[in-house]
Amino acid sequence: MAAVWTERAMEHDARVELAAVLQLAAAGRLRCSDKTKRPSATTVRTRGEIFTGGDFYEDEPVRAFAWPLLLHADCLTELSRGRMELTAPGCNLRGRLPPGGVAERGPRGRR
């Protein structure tokens, strides 16, 4: 049986998802483990519902799991008592996001 290949243009979706995930972090609705820094199962499950077109795999929430990690790795959020909170660069980016677009960013969250 041949593998089925599906191509998805994700640039627009990523812009919309970034804005949505930054908004969730600002509202204190992204929870992660203080020890492992990984998103909680509830965060992954419920955040997966906001993504356009579902996830890449039906039974594996790749995008919902990855977004909190990406925000944290790029110094846009920090953990405080199990909740991801926006840092100054995260707040700055959130305020500068044009509708459906992403502002230019430098390395490691700097502008």
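Above this text sits the structure in question.
What follows is about the nonpolar core. Of all hydrophobic cores here, the largest spans 17 residues; its most connected members are Leu18, Val21, Leu22, Leu30, Leu71 and Leu93. Looking at this core, the elements with two or more residues in it are helix H1 (11–26), helix H3 (62–73) and strand E2 (83–86). Per element, the largest residue contribution to this core is 5 residues, and it comes from H1. Once residues within four sequence positions are removed from consideration, Leu30 is found in contact with Val21, Leu24, Ala25, Thr43, Arg47, Leu71, Gly82, Arg83 and Met84.

A separate point is the environment of Arg81. With respect to the element layout, Arg81 can be found in the loop between strand E1 (77–80) and E2. Arg81 has contacts with Arg31 and Asp34, leaving out every residue within four places of it along the chain.

Moving on, we get to the packing of H1 against H3. With their axes 11 Å apart at the nearest point, H1 and H3 run at an angle of 65° to one another. In this view, H1 runs roughly perpendicular relative to H3, as classed from their interaxial angle. Between H1 and H3 the crossing geometry is right-handed. In this structure, H1 uses Asp13, Ala14, Glu17, Leu18, Val21 and Leu22 to contact H3, whose residues at the interface are Arg63, Trp67 and Leu71.

Note that E1 and E2 share 4 bridges and pair antiparallel. Residue Thr77 lies in a different strand from E2, and its bridge partner there is Leu86. Taking the residues between adjacent antiparallel strands as the criterion, E1 and E2 are bridged by 2 residues, where Arg81 takes a positive phi near 55°.

This part is about the environment of Ser33. Residue placement: Ser33 occurs in the loop between H1 and helix H2 (41–47). A sequence separation of 47 residues divides Ser33 from Ser80, and the C-alpha atoms of the two residues are 9.8 Å apart. Residues contacting Ser33, with those up to four places away along its chain left out, are Arg38 and Leu79. Polar side-chain contacts of Ser33 include one of 3.2 Å to the backbone nitrogen of Lys35.

A few words on the packing of H1 against helix H4 (residues 88–96). For the pair H1 and H4, interaxial distance at closest approach is 10 Å and the crossing angle is 130°. Between H1 and H4, the angle falls in the class oblique. For H1 against H4, the interelement crossing comes out left-handed. Of the residues in H4, those in contact with Leu18, Leu22, Gln23 and Ala26 of H1 are Gly90, Leu93 and Arg94. Tallied by class, the residues present in the contact of H1 with H4 amount to 4 nonpolar, 2 polar and 1 charged.

What counts and what doesn't
Residues numbered from 1 in each chain as written. Predicted model: local features only at pLDDT ≥ 70, side-chain atom pairs only at ≥ 80, totals over all residues. Heavy atoms only, no water. Core = buried A, V, L, I, M, F, W, Y, C linked by side-chain atoms within 4.5 Å. Buried < 20%, exposed > 50% of the residue type's maximum accessible area, 1.4 Å probe, protein only. Helix = DSSP H or I, 4+ residues; strand = E, 2+ residues; numbered from the N terminus. Contact = heavy atoms within 4.5 Å. Axes fitted to C-alpha atoms, helices over the stretch in contact; angles between N-to-C directions. Parallel < 35°, antiparallel > 145°, perpendicular 65-115°, else oblique. Left-handed = near helix turned anticlockwise from the far one by under 90°. Pairing = 2+ DSSP bridges. Polar contact = N/O pair within 3.5 Å; in protein donor to acceptor, adjacent residues only side chain to side chain. Nonpolar A, V, L, I, M, F, W, Y, C, P; charged D, E, K, R; others polar.

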